[in-house]
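# Summary of the model geometry
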Amino acid sequence: MKTSKPIQAEIVEFKCEECNQGVYRVDNSMDPLPNRWGHKCTNCGQQGYFPFAYPYIKYKNQQFVLEKHIVKVNPKPPYFI
Ligand SMILES: [Zn+2]
């Protein structure tokens, strides 16, 4: 059974150091790199790769990546193809 309750969590952003105004967001149009997410600044368009998908949620010293940023693998085992 699924249950839920409100919690006090923090949202962690990565501020762009180029323009000091925007924040980085995952940009799926960028070429993938191993264990890195491609990001683009919301203000100036600066691109960068980070080991976390920003923004993420921090709760009790654990980091929670947004579900939409988890890279999906093919659910079919190879022997079914
Ligand atoms: Zn920027």
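All of the points below concern the structure found in this document.

Calculation notes
Residues numbered from 1 in each chain as written. Predicted model: local features only at pLDDT ≥ 70, side-chain atom pairs only at ≥ 80, totals over all residues. Core = buried A, V, L, I, M, F, W, Y, C linked by C-beta atoms within 7 Å. Buried ≥ 20, exposed ≤ 12 C-beta atoms within 10 Å, placed from the backbone. Contact = placed C-beta atoms within 7 Å. Pairing = 2+ DSSP bridges. Helix = DSSP H or I, 4+ residues; strand = E, 2+ residues; numbered from the N terminus. Axes fitted to C-alpha atoms, helices over the stretch in contact; angles between N-to-C directions.

### Let's talk about the nonpolar core
Ranked by size, the top nonpolar core spans six residues in total: Cys 16, Tyr 24, Trp 37, Cys 41, Ala 53 and Tyr 54. When near neighbours in sequence (up to four residues on either side) are disregarded, Trp 37 contacts Val 26, Tyr 49, Phe 50, Ala 53 and His 69.

### Digging into the sheet that holds strand E5 (residues 56-59)
Read across the open sheet, the three strands follow the order E1-E5-E6; overall the sheet is antiparallel. Single-partner strands in this sheet number two, and they are strand E1 (10-12) and strand E6 (62-64). Across this sheet, the average inter-strand angle for adjacent strands is 35°, counted without regard to direction. Examined bridge by bridge, E5 and E6 share three bridges and lie antiparallel to one another. Paired with Ile 57 across the strands is Phe 64, a residue of E6.

### A look at the environment of Lys 58
Looking at where Lys 58 falls in the secondary structure, it is placed in strand E5. For the pair Lys 58 and Ser 4, spaced 54 residues apart in the sequence, the C-alpha separation amounts to 17 Å. Beyond its immediate stretch of four places on either side in the chain, Lys 58 contacts Ala 9, Glu 10, Val 12 and Gln 63.

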